[in-house]
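Residue-level listing of the chains:
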Amino acid sequence: MKRFYIITNEQRDPNLAVTHSIQDYIAARGGYCNFFLSSKIDWADRVLASLSKEEVNAECVIVLGGDGTLVRAARDMAGIGVPLIGVNLGTLGYLCELDKISVFPAIDRMFEDQYEVEDRMMLEGYSLVDGAQSEATAAMNDIVIHRVGSAQIINLVIRVGGEYLTTYSADGVIISTPTGSTGYSMSAGGPIVDPKIKLLLITPINPQSFSSRSIVVGADAQIEVMLVKRRPEEDETAEVSFDGDRFMHMRIGDRILVKKAEGCAKVMKLNQLSFLQILRKKMQEYR
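Residues numbered from 1 in each chain as written. Predicted model: local features only at pLDDT ≥ 70, side-chain atom pairs only at ≥ 80, totals over all residues. Heavy atoms only, no water.

Draft legend 1. A look at the nonpolar core. Membership of the largest hydrophobic core comes to 28 residues, with the highest contact counts inside it found for I145, I202, I223, V225 and V240. Of the residues forming this core, the biggest block, 4 residues, is contributed by strand β9 (residues 154–160). Counting 22 residues, the second-largest nonpolar core is a separate cluster that includes Y5, V56, L95 and A265. (Core = buried A, V, L, I, M, F, W, Y, C linked by side-chain atoms within 4.5 Å. Buried < 20%, exposed > 50% of the residue type's maximum accessible area, 1.4 Å probe, protein only. Helix = DSSP H or I, 4+ residues; strand = E, 2+ residues; numbered from the N terminus.)

Rendered as structure tokens:
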């Protein structure tokens, strides 16, 4: 492996010191490396999935930032089929295997093709409004339906495979992959799941009922979330986010359908640590 591509989070490497040092290191070893600077605005404007493998022209994408940057890059580049590896320049990171120091010996190993690639399950969601179906949007971590406007909770009816499951009176609901279980779902009280397991997590956000808990369903399940009224005015609204961005809006009666995506994200793995070893290390570091 000699051809690399860097995606840099502008907020995490504002002067591009880490980006350029990695570029120089790869060039000194006889490799090639180009980069894309990702700002918050640019990320919404430029969909990386529209890039072809020939345009990226790399065997590996090095993502500088944090878990969020890696998730967005993996999602948007899933169609290209190039594996990614994350360099954590942020705080707590479950997905980013490297940091500013370990990235250089890691590049040495990649030049020697000493790595593995893990396929990570992804989601796709689309809305149904007045019988019209929107185009599907992908997510690697989670699809979140959450209230907007007033501080009052919303009612969300959950069906799985067309069968009624439950109604959450809550601030919202998170539907996540196993990879996303260490993100927002974990913060909302959901379980941490080994990313190699194939399943879907349904986790309410600040539910009104003490009996409301996360629910685990099979990877092949189709989950439907409908916003239903709580008040006669029927003025409740909600938003749907995909890995924290790409919003859709919901009104009373609107539905969101979520299922496993056909494609998957490819994440490079260099160390031999198991998921439990990584989890234990992170829990010790951030007690």
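Draft legend 2. Focus on the environment of D235. When you line up the elements, D235 lands in the loop between β14 (223–228) and β15 (237–242). D235 sits 17 residues away from I252 along the chain, and the two C-alpha atoms are 7.4 Å apart.

Draft legend 3. Seen up close, the pattern of salt bridges. For the structure on display, the rule yields 14 salt bridges. The partner of D245 in a salt bridge is R72, and the shortest N-O contact between them spans 3.1 Å. In this pair, D245 is assigned in strand β16 (residues 245–251) and R72 in helix α4 (residues 67–76), connecting sequence segments 173 residues apart. Close ionic contact of R75 with D245 constitutes a salt bridge, the shortest N to O distance being 3.2 Å. With a gap of 170 residues between them, R75 in helix α4 and D245 in strand β16 connect regions that are remote in the sequence. Across this residue pair, the class does not change: R75 and D245 are buried. Connected via shared salt-bridge partners are R72, R75, D76, D243 and D245. (Salt bridge = Lys/Arg side-chain N within 4 Å of Asp/Glu carboxyl O.)

Draft legend 4. Here's a closer look at the state of the cysteines. This model, assessed by the stated rule, comprises 0 disulfides. Here C33 is not cross-linked by a disulfide; its sulfur's nearest cysteine counterpart is in C60, at 9.2 Å. (Disulfide = S-S within 2.5 Å.)

Draft legend 5. Main features of the sheet that holds strand β8 (residues 142–147). What the 6 strands build is an open sheet, ordered β13-β12-β11-β8-β15-β16; its pairing is antiparallel. Each edge of the sheet is formed by a strand with only one pairing partner; in this case those strands are β13 (215–218) and β16. The mean inter-strand angle of the sheet, taken between neighbouring strand axes irrespective of direction, is 20 degrees. Pairing analysis gives 5 bridges linking β15 to β16, with the strands arranged antiparallel. Pairing of A238 across the sheet is with M250, part of β16. (Pairing = 2+ DSSP bridges. Axes fitted to C-alpha atoms, helices over the stretch in contact; angles between N-to-C directions.)

Draft legend 6. Broad picture of helix α5 (residues 103–111). Every buried residue of α5 is accounted for by V103, A106, I107, M110 and F111. Seen from one end, α5 has its buried residues packed into an arc of 145 degrees, which puts them on one side. Packing partners of the buried residues in α5 comprise β1 (3–9), α1 (17–28), β3 (60–65), β4 (84–88) and β17 (255–269). Phi turns positive one or two residues past the end of α5, at D113, with a value near 60 degrees. (Arc of directions from axis to C-beta. Contact = heavy atoms within 4.5 Å.)

Draft legend 7. Spotlight on the side chain of T137. Its place among the elements puts T137 in strand β7 (residues 137–139). A relative accessible area of 16% means that T137 is categorised as buried. In contact with T137, other than residues within four places in its own chain, are L123, E124, G125, F242, R246 and M248.

Draft legend 8. Structural context of α4. With 8 of 10 residues buried, α4 lies mostly within the body of the structure. Among the residues of α4, those classed as buried are D67, T69, L70, V71, A73, A74, R75 and D76.

Draft legend 9. How the structure looks around the packing of aromatic side chains. Tallying each qualifying case throughout the model produces 2 aromatic pairs. Between the aromatic rings of Y25 and F104, the centroid separation amounts to 5.1 Å while the plane-to-plane angle is 65 degrees, which identifies the pairing as edge-to-face. Of this pair, Y25 sits in helix α1 while F104 sits in helix α5, placing them 79 residues apart in sequence. Judged by relative accessible area, Y25 falls into the partly exposed class, the value being 26%. Accessibility expressed as a relative area gives 22% for F104, which makes it partly exposed. The residue whose ring lies beneath R29 is F111, and the NZ or CZ to ring-centre distance is 4.4 Å. (Phe/Tyr/Trp six-rings, centres within 6.5 Å; stacked < 30°, edge-to-face > 60°. Lys NZ or Arg CZ within 6 Å of the ring centre and 35° of its normal.)

Draft legend 10. Unusual backbone geometry, seen in detail. Phi is positive for N57, which is not a glycine, with a value near 55 degrees. Note that N57 resides in the loop between α3 (53–56) and β3. Exposure remark for N57: the relative accessible area of 33% places this residue in the partly exposed category. You will see that D243, though not glycine, has its phi angle at about 55 degrees, which is positive. With respect to the helices and strands, D243 occurs in the loop between β15 and β16.

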